[in-house]
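Below, each chain spelled out in residue letters.
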Amino acid sequence: MNEITFNQELIDDIYSSNVQNDLHSIKDFLRWTYTVFNRADIFYGHGYDNPWDEAQQLVLATLHLPPDFPSELYDARLTMAEKSELIRLVMIRLEKRVPIAYLIHRAWFCGLEFYVDERVIIPRSPIGGLIQQRFAGLLNYEPKRILDMCTGSGCIAIACAEQFPQADVDAVDLSIDALNVAEMNIERHNLSYRVFPIQSDLFSHLLEEQYDLIVANPPYVDLEDLSDMPEEFHYEPEMALGSGNDGLDITKEILRMAPNYLTDNGLLICEVGNSMVHLIEQYPDVPFHWLDLPNGGLGVFALTKAELMAHQTAFA
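Below is a short write-up of the structure.

Cut-offs applied
Residues numbered from 1 in each chain as written. Predicted model: local features only at pLDDT ≥ 70, side-chain atom pairs only at ≥ 80, totals over all residues. Heavy atoms only, no water. Buried < 20%, exposed > 50% of the residue type's maximum accessible area, 1.4 Å probe, protein only. Helix = DSSP H or I, 4+ residues; strand = E, 2+ residues; numbered from the N terminus. Pairing = 2+ DSSP bridges. Phe/Tyr/Trp six-rings, centres within 6.5 Å; stacked < 30°, edge-to-face > 60°. Core = buried A, V, L, I, M, F, W, Y, C linked by side-chain atoms within 4.5 Å. Contact = heavy atoms within 4.5 Å.

Another point: the pairing of strand β9 (residues 300-304). When you tally the buried positions in β9, you get four out of five residues, the bulk of the element. Note: strand β7 (residues 262-271) against β9, five bridges, orientation antiparallel. Looking at the pairing, cysteine 270 lines up with phenylalanine 301 of β9. Relative to β9, strand β8 (residues 289-290) runs antiparallel, the two sharing two bridges. Residue pairing for β9: tryptophan 290 is matched across the bridge by phenylalanine 301.

This is the structure in structure tokens:
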């Protein structure tokens, strides 16, 4: 039985039941939503990796309650309007397979809350673990200027600004739509005086600025993986996911240009995910430092300015 047929049977079952009258409390809806997600063919990979976390986020966010809402109050009864809205969102998750973050317009990264919608990809970069550790073992100085390349929602730029309170951060993206979302998040975190959204095709609108740290999370999904992605990913902007046949078109440009924008002791941190296999194959002599990521994941490398300069012939 394929996932569409299976989910439709589940949807039909919900429509034929008396959910709205049978369920009364927050606890009831948490349990019911968890059960429904457990039964459904949906993909977890946008900040949550299991049905319980998705159920909890959906229910609490829809009720305008914080994630740390006391469980002692879960027996509180819901209004008919609240119950109707929860059921509606659960049905959209099943029928259309829209990621939870887009339904509730909320995502978490480095312990910080961000507004998201379909103009940006949902924050989930494993670089977050490195930021929370202040790039321990990689930086031996306090960065004063940081560049977040391909900023999207602005989550990496804002998280860096929170960890390095003396730093100014430029948040660069080609998409005006994405930058509008990033600006909302910058204002939400009261960082307009230190985090600056810039519309640019990579480095094209940066006037030879010098950064102590460049953090790049560019599109890196190769053509094969892009075609095989679960339905949930198709709600994200395609320009933020794919990057040519090998997933490296944008990464190669970053490797070529980054040393021009780094201080002498500057460092590039870049995420390429599964496309690391293509990068290693195409640049066998480049000493990519593949990082152990605190929260799991793979495909994030570090290169110093000196290392980038030493291999410019290859990157050219």
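This paragraph deals with the packing of aromatic side chains. For any pair of aromatic rings, the description rests on two quantities: the centre-to-centre distance and the angle between the ring planes. Applying the stated rule across the entire model yields 11 aromatic pairs. Relative to phenylalanine 233, the ring of phenylalanine 43 has its centre 5.5 Å away and its plane inclined at 50°; by these criteria the two rings are tilted. Here phenylalanine 43, found in the loop between α3 (26-39) and α4 (51-62), pairs with phenylalanine 233, found in the loop between α10 (223-228) and α11 (249-257); they are 190 residues apart in sequence, far enough to count as distant. Under the relative-accessibility criterion, phenylalanine 233 is labelled buried at 9%. Both rings, one in phenylalanine 288 and one in tryptophan 290, keep their centres 5.7 Å apart while their planes meet at 40°; by these two values the pair is tilted. Overall, phenylalanine 288 belongs to the buried group, its relative accessible area being 10%. We classify tryptophan 290 as partly exposed; its relative accessible area is 26%. Taken together, Tyr283, Phe288, Trp290, Phe301 and Phe315 form an aromatic cluster joined through their ring pairs.

Let's shift gears to the nonpolar core. Ile14, Ile26, Phe29, Trp32, Val36, Phe37 and Leu94 are the most contacted members of the largest nonpolar core, which has 45 residues in total. At the level of elements, α1 (3-16), α3, α4, α5 (80-95), α6 (100-104) and α9 (176-188) are the ones that each hand at least two residues to this core. With seven residues, α5 is the largest single contributor of residues to this core. Discounting residues that sit within four places of it in the chain, phenylalanine 29 has contacts with Leu23, Val59, Leu78, Lys83, Leu86 and Ile87. Counting residues in each nonpolar core, the second largest holds 31 residues, with Phe109, Leu130, Cys160 and Ile269 among its members.

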